[in-house]
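Chains, contacts and geometry: an overview
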Amino acid sequence: MHEILTTDFMQRALIAALLVGLVAPMVGIFLVQRRLSLIGDGMGHVALAGVAVGLVTGRGPVLTALVAAVVAAVAIELLRARGRTNADVALGVIFYGGIAAGVVIISKAPEGTPANLMSYLFGSILTTRTSDVWIFLALALVIMATVWVLWPRFFAVANDEEYARAVGLPVLPLNIILAVLTATTVVVAMRVVGLLLISALMIVPNAAGQLLARSFTTGLRWAIAVGLASAVGGVFISYPLDTPSGGTIVVLAVLVYIVTAIGTGVARRIRQRRHSIAEGHDHEHGPECGHEAIPHGDHVDYLHGGHRHAAHQGHYDEHGAGSPRTSGQDEEVRA
Amino acid sequence: MRTTTPTTPDTGVPRAAGPVIELHGAAFGYGEHAVVTDVDLTVRRGEIVAVLGPNGAGKSTLMKGILGLNEHLAGTIRLFDEDADVTRDRARVGYVPQRHTLSASILATAEEIVATGRLPRLGWLGRLKATDRQVVARALELVGLGDRAATEVTTLSGGQQRRVLIARALAGQADVLVMDEPTAGVDAASQHVLADVLARLVERGVTMVIVTHELGALERILTRIVVVDAGHVTFDGTPHQYEATRAAVHHDHDAHHHDSELADEEATPVLPRGPVDPSGDGHA
């Protein structure tokens, strides 16, 4: 344990993992919402071409990867915005052109060994340099600040793009900014998670978050928690296990998702058995339905034929026999 | 004619008294291809207009043209006495799309959805303040969902989801609601709740353009009916005139009087013949 925390490369890998675990779910939730979950994967493919160019020209591969991924991100959004029917074919050309060029160029690079390629694709705890840590920190701060400022707009556009367009929100600029954030996240993740696996860290924590939450904001919080836990945890255990850190992180995230799915499934079963449904209820309770409203924790019960009814999904639950409050409080609820 | 509407109490901006929507010789379509042409239509404040027509007649294209969602190919379109192509305040036209837009892959509460309607009022970087949250809460109350603000939207009924989308438009302080098939997939009981909500908005001076292929429970709140067929406006008048015209058209095309004519008419929701109502098959 002590050894893990004091080793230089592990310290750097853990910081990089912390940053990735934080920002990947933050950007990923909007990709999942827009049903573009796999676009991060494609940007990883293109980033490999950038890495290859960096290795051949002897520059830091992080910056060349950033340039390649950002250019691809903007091109992808512009292609999608033109609404051409063959846009997905064009994306295929960009993505596979990127990874193919990357593999070919890397083989000609001085450091172009197969082991090197593997570490870029699937992550390694050995490769994060001190200069990388500072770049990742700066990029992660930019991502976090942008999401913090713009998230209500990202949410609006991802939730209903046509509506956002109709009311005059700047849809295309927002989509391009989100694509650039995705590309930047790919680059932050290229050392510890790897270019082929980063997309998983944008998606899987959000899949788990959606099982645990009932709203967008709580869903995002859970996703960040799962992302952080699996990224840092994955780097941690990949040292004693001697496994590629990216693969370990993603396996961990998938395990968290499976455990969450089973846990929430069992909890739902138990709750279903416990709660009783008001039968044959086609009346809709509301502030003006005429039934007495009684605040009950986070919701409102309606007194209906001596029973307290609470809305639950498509039906009403029985919340016990009625206990009317003073009329003053009821007035307040109805107002 | 009122100069302000209760949905826009805190802006203090004087509202122009001119027409809400004004189309002259307008054509809309996709790419170069015009789907509706030569539309002259003026909607004034306080009017509740139903845009009727069979599927594929062009009524959705006309609606999307008003919303700026497709190509404006000819003629003029003015919103609130301003050229629609340059107006900066598109949120005054409150779009209420079909509810399937709520079945997203990420969960969200009714309040979170309605809050997105507030964004056009906040500029590029603004955040929701306490007053904005009040507007959101009031919009939810106005559609009778004040007690469901924290409910995840996909667990709401079809009619309730429709009201969430109406609240979203109200949160943007819309002066006119443009609704796409508000009664589609909403059962009869919920249609009446929806009609009550709309009637309440009518009292507050909200103008409405309702695109639909069936009038359903909304018939009682309408002040005007516009029929679009084969890419043109073929009728524009009061519900009363519409009834009269429909009877006449029916008469022209049905030289032989049948005893069943009246019954037929009652059973046919929009036009006497044609593929007006997808559920019309059952009426024959």
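Residues numbered from 1 in each chain as written. Chains lettered and ligands numbered in written order. Predicted model: local features only at pLDDT ≥ 70, side-chain atom pairs only at ≥ 80, totals over all residues. Heavy atoms only, no water.

This part is about the nonpolar core. Nonpolar side chains tend to gather and get buried jointly when the protein is soluble and globular. Leu23, Ile166, Leu177 and Leu201 of chain B are the most contacted members of the largest nonpolar core, which totals 165 residues. If you tally residues by element for this core, the top one is helix H2 (residues 8-33) of chain A, at 15 residues. (Core = buried A, V, L, I, M, F, W, Y, C linked by side-chain atoms within 4.5 Å. Buried < 20%, exposed > 50% of the residue type's maximum accessible area, 1.4 Å probe, protein only. Helix = DSSP H or I, 4+ residues; strand = E, 2+ residues; numbered from the N terminus.)

Time to look at a nonpolar patch on the surface. Residues and elements named next belong to chain A. Among the surface-exposed residues, Leu211, Leu212, Trp222, Val251, Val254, Leu255, Tyr257, Ile258, Ile262, Val266 and Ile270 lie close enough to one another that they form a single nonpolar patch of about 920 Å² accessible area. When contributions to the nonpolar patch are tallied by element, the ones reaching two or more residues are helix H10 (198-212) and helix H12 (245-274). If one sorts the elements of the nonpolar patch by residue count, H12 sits on top with 8 residues. Among the secondary structure elements, leucine 212 is positioned in helix H10. (Patch = residues over 30% accessible without salt bridge, like charges linked within 9 Å, V, L, I, M, F, W, Y side chains within 5 Å. Areas by Shrake-Rupley, 256 points an atom, 1.4 Å probe, with all protein chains shown as cover. Salt bridge = Lys/Arg side-chain N within 4 Å of Asp/Glu carboxyl O.)

Moving on, we get to the environment of methionine 190 of chain A. The topology assignment puts methionine 190 of chain A in the loop between helix H9 (171-188) and H10. Residues methionine 190 of chain A and leucine 48 of chain A, spaced 142 residues apart in sequence, show a C-alpha to C-alpha distance of 9.2 Å.

Before going further, it helps to spend a moment on the pattern of salt bridges. Under the criterion given, the structure shown has 13 salt bridges over all chains. For the salt bridge of arginine 118 of chain B with aspartate 132 of chain B, the shortest nitrogen-to-oxygen distance reads 2.8 Å. Here arginine 118 of chain B, found in the loop between helix H2 (110-116) and helix H3 (130-142), pairs with aspartate 132 of chain B, found in helix H3; they are 14 residues apart in sequence, far enough to count as distant. Residue classification places arginine 118 of chain B among the buried residues on the basis of a relative accessible area of 7%. The network of salt bridges with common partners includes Arg34, Glu77 and Arg80 of chain A.

Bringing the packing of aromatic side chains into the picture now. What the rule picks out here adds up to 6 aromatic pairs over all chains. Pairing phenylalanine 155 of chain A with phenylalanine 216 of chain A gives two aromatic rings, centres 4.7 Å apart and planes at 55 degrees, and the pair type is tilted. Taken together, the positions of phenylalanine 155 of chain A in helix H7 (residues 130-159) and phenylalanine 216 of chain A in helix H11 (residues 216-241) put the pair 61 residues apart, joining distant regions of the chain. Just as phenylalanine 155 of chain A is buried, phenylalanine 216 of chain A falls in that class too. Three or more aromatic residues joined by ring pairs make a cluster, and in this case those are Phe30, Trp151, Phe154, Phe155 and Phe216 of chain A. Just above the ring of tryptophan 148 of chain A sits the side chain of arginine 127 of chain B; from NZ or CZ to the centre is 3.9 Å. Stacked on the ring of tyrosine 163 of chain A, the Lys or Arg arginine 168 of chain B has its end atom at 3.6 Å from the ring centre. (Phe/Tyr/Trp six-rings, centres within 6.5 Å; stacked < 30°, edge-to-face > 60°. Lys NZ or Arg CZ within 6 Å of the ring centre and 35° of its normal.)

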